[in-house]
Amino acid sequence: MPKVMKFGGSSLSDYRCFKRAAQSIKSCGAETVVVSAPGKRYKADEKITDLLKKADNHGIFSRRYRRLVAKRMRRIWTALKKDESVGIFPDSDAEFDAVLSDIFMQFGDCLLSRGEYFSAVVMSKILGYELVDAKEVIIFGDDGQPDLKSSILSAKAVLSGRNAVVPGFYGADKTGSVRVLPRGGSDITGAIIAAAVGAEQYLNCTDVPGVMRADPDIIKKAQAVGCLTLCQMYGLALAGADVVHPDAAKILCGGNVEMVVKGAFSKERGTVVSCRNVCACGAEICDRCKMSRKMPVADYKAVYQWKKTSSSGAISHSNFTAAAVSGRDGLIAVAYDGDCESKAAECVLGTLAAQGIYAESAYFLGSGCLMLKIKSPLVTKALRVLYGAFIER
C-alpha cells in the first residue's frame, strides 16, 4: 500500500533541510510527498508565506518583501545546484524563473501559494518525481471551502500509480483560480491525498517528536504520546495542539489510514494516530473511534453541565489516566485512556473544581476525548493541574 509524507516549513527552511527531507523520503519509500513553504531558519526569522502576506498587504513596501522572498528562494536553488551530492539537478532554470516571475507579478491567494509551489519544484527535482500542481488535486466549492468529495476523487484520478510531489496549502475553484487553505493547510492537503490513494500511512513530519502530552511551553518536561485515536487528535487540535490541523484528523476519521506525527529527521517512532490504535506494548487503547459514524464530526454532544459549586468529597484518580491535554482560548481537551465517560467527567471536572476552576460546560467528542469550556485566563493553570493529576503521576 502507498505511503504519503508531508513536510512542514520548519523541515524545509534551507537547502540542507531539503536534502535531509529527500533522504528521509527515499528511505521511507513514500510515493506521494506534500510540501510546505520554507519556514524559519532561526527564531527571529520569518516564514516565506508570512513574507508573501506582507508583500500582498503592504502597498509601497510590497516589492521589498517580494525581493526578500526571491533572494531566499534563489539561495536554496543555487546551493542545491552546486551540491554534487544532490545528484542530477537541472541545468535549466526555466521552472525557477517561472516561480520568480509569479513572485513579482501575482497578488492575493496565488501569490500566497508560491512558497509551497517553489518547495514542490525543488523537491521534485531532487527526487526525480513528477510535480503535480495542487490546483489539479484540491477542489474548492462555491462556498469557498474545499470540496472534500471532489478533491478525493480528483486526487485519486491524478495521483494513483505515480510518484509525485504536491504543494500543500492551496487548490483551485471551479474557474481555475487559486484558493488557499487556512494556516496549517498542508496537513489538510496531505490527509485528502492519503485518503484518496488509500495510503497505508500518512507521515506528518514536523519539528517536534510527536503529539506532546501537554504544551511544552507550559509543561517543560512534557513528552510525546505514543498513540491516539483520530477523535482524540481532533479534540486536542481544536484546543490548541498546533502540530496537526484539526481538519486533517476529521478527514481521516472512519478510514483505514494511519497517521504518524513525528520529527522530520528523527528515528523515533512518533505518535501513531488511527481509528484502531494499539499501544507499543500490545494493549488496545480504543477500537471504536466512531466520530464520523455515530455523530457529525463538527458537532459536540453535550453530556455534562458543570454547576459552579465545589465538589464535595475526595475524587478517586486510581482508575483514570490521561494521554494528553491541550488548551487555548478557553477550550480544554483531555484525551484519556479507555472509554468510561462518567469517570472522566467526575475526575477531570472535580479535580479542577477543587482548585477553583469551574467548567462552564463539558462535552464528549467521539470516544476518549473530553472537551471543557472555561474562562480563558485559567487555561494555563488548568493544564498544569490536569497534567500533574492525570499524566505526570
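This text gives an overview of the structure that appears in the document. (Residues numbered from 1 in each chain as written. Predicted model: local features only at pLDDT ≥ 70, side-chain atom pairs only at ≥ 80, totals over all residues. Heavy atoms only, no water.)

**Some details on helix α8 (residues 185–197)**
Between its terminal C-alpha atoms α8 stretches 19 Å, which fits the 18 Å expected from 13 residues at 1.5 Å a residue. Extensive coverage of α8 is indicated by the burial of 12 of its 13 residues. Those residues of α8 that sit buried are G185, S186, D187, I188, T189, G190, A191, I192, I193, A194, A196 and V197. Downstream of α8 by one or two residues, G198 has phi in the positive range, about 65°. (Helix = DSSP H or I, 4+ residues; strand = E, 2+ residues; numbered from the N terminus. Expected span 1.5 Å × (residues − 1). Buried < 20%, exposed > 50% of the residue type's maximum accessible area, 1.4 Å probe, protein only.)

**Focus on the nonpolar core**
If you look at the biggest cluster of nonpolar residues, it comprises 100 residues, and the most contacted ones within it are M123, L159 and M233. Among the elements that line this core, the one with the most residues is helix α6 (residues 114–127), at 8 residues. Among all residues touching M123, those that are not within four sequence positions of it are L12, F18, A21, A22, I25, V35 and V165. Formed by 32 residues, the second largest nonpolar core is a distinct cluster that contains I218, A322, V325 and I374. (Core = buried A, V, L, I, M, F, W, Y, C linked by side-chain atoms within 4.5 Å. Contact = heavy atoms within 4.5 Å.)

**Describing the pattern of salt bridges**
Overall, the coordinates contain 15 salt bridges when judged by the stated rule. Close ionic contact of D83 with K19 constitutes a salt bridge, the shortest N to O distance being 2.7 Å. Separated by 64 residues along the polypeptide, D83 in the loop between α3 (62–82) and α4 (94–105) and K19 in helix α1 (residues 15–28) bring together distant segments of the chain. Note on D83: relative accessible area 16%, which makes it buried. A salt bridge links K250 to D247; the shortest N-O distance between them is 3.2 Å. Residue K250 and its partner D247 are located together in helix α10 (residues 246–252), separated by 3 residues, close to a single helical turn. On the basis of relative accessibility, which here comes to 29%, the residue K250 falls in the partly exposed class. Given a relative accessible area of 24%, D247 falls into the partly exposed group. Shared partners join several salt bridges into a network, and the residues in it are R41, D45 and R72. (Salt bridge = Lys/Arg side-chain N within 4 Å of Asp/Glu carboxyl O.)

**Here's the deal with the sheet that holds strand β9 (residues 258–263)**
Spatial strand order, β3-β4-β2-β1-β7-β9-β10-β8: 8 strands in an open sheet with mixed pairing. Each edge of the sheet is formed by a strand with only one pairing partner; in this case those strands are β3 (130–131) and β8 (227–229). Direction of pairing for β3 relative to strand β4 (residues 164–167): parallel, over a ladder of 2 bridges. Each bridged residue has a counterpart across the sheet, and for E130 the counterpart in β4 is A164. Against the sheet, α1 contacts β1 (3–7), β2 (32–35) and β7 (201–206), and its axis sits at roughly 165° relative to β1. α6 contacts β2, β3 and β4 of the sheet and is inclined by roughly 170° relative to β4. (Pairing = 2+ DSSP bridges. Axes fitted to C-alpha atoms, helices over the stretch in contact; angles between N-to-C directions.)

**Details of the pairing of strand β10 (residues 271–274)**
Because side chains alternate across β10, one face comprises the buried residues T271 and V273, and the other comprises V272 and S274, equally buried. Bridge count for β9 against β10 is 3 bridges, and the pairing is antiparallel. The residue of β10 that forms the bridge with M259 is V273.

**A short note on the packing of helix α7 (residues 148–159) against α8**
For any two helices packed against each other, one specifies the crossing angle of their axes together with the interaxial distance. Two numbers describe how α7 lies on α8: the axes approach to 8 Å, and their chain directions differ by 65°. Read as a crossing pair, α7 and α8 show a hand that is right-handed. Mapping the contact onto sequence places L148, S151, I152, A155, K156 and L159 in α7 and I192, I193, A195, A196 and V197 in α8. For the contact of α7 with α8, a count of residues per class yields 9 nonpolar, 1 polar and 1 charged. (Left-handed = near helix turned anticlockwise from the far one by under 90°. Nonpolar A, V, L, I, M, F, W, Y, C, P; charged D, E, K, R; others polar.)

**Some details on a positive patch on the surface**
Side chains of K40, K43, K47 and K53 sit close together on the surface and give a patch of like positive charge. The topology assignment puts K53 in helix α2 (residues 48–57). (Patch = residues over 30% accessible without salt bridge, like charges linked within 9 Å, V, L, I, M, F, W, Y side chains within 5 Å. Areas by Shrake-Rupley, 256 points an atom, 1.4 Å probe, with all protein chains shown as cover. Lys, Arg positive; Asp, Glu negative; His and termini not counted. Charge placed at Lys NZ, Arg CZ, Asp CG, Glu CD.)

**What to know about α2**
Each full turn of the α-helix corresponds to 3.6 residues, which orients residues three or four apart in the same direction. Residues I48, T49, D50, L51, L52 and A55 constitute the buried set of α2. Looking at the packing, one finds that the buried side of α2 touches α3, α4, α5 (108–112) and α6. Once α2 ends, the next one or two residues include G59, with phi positive near 50°.

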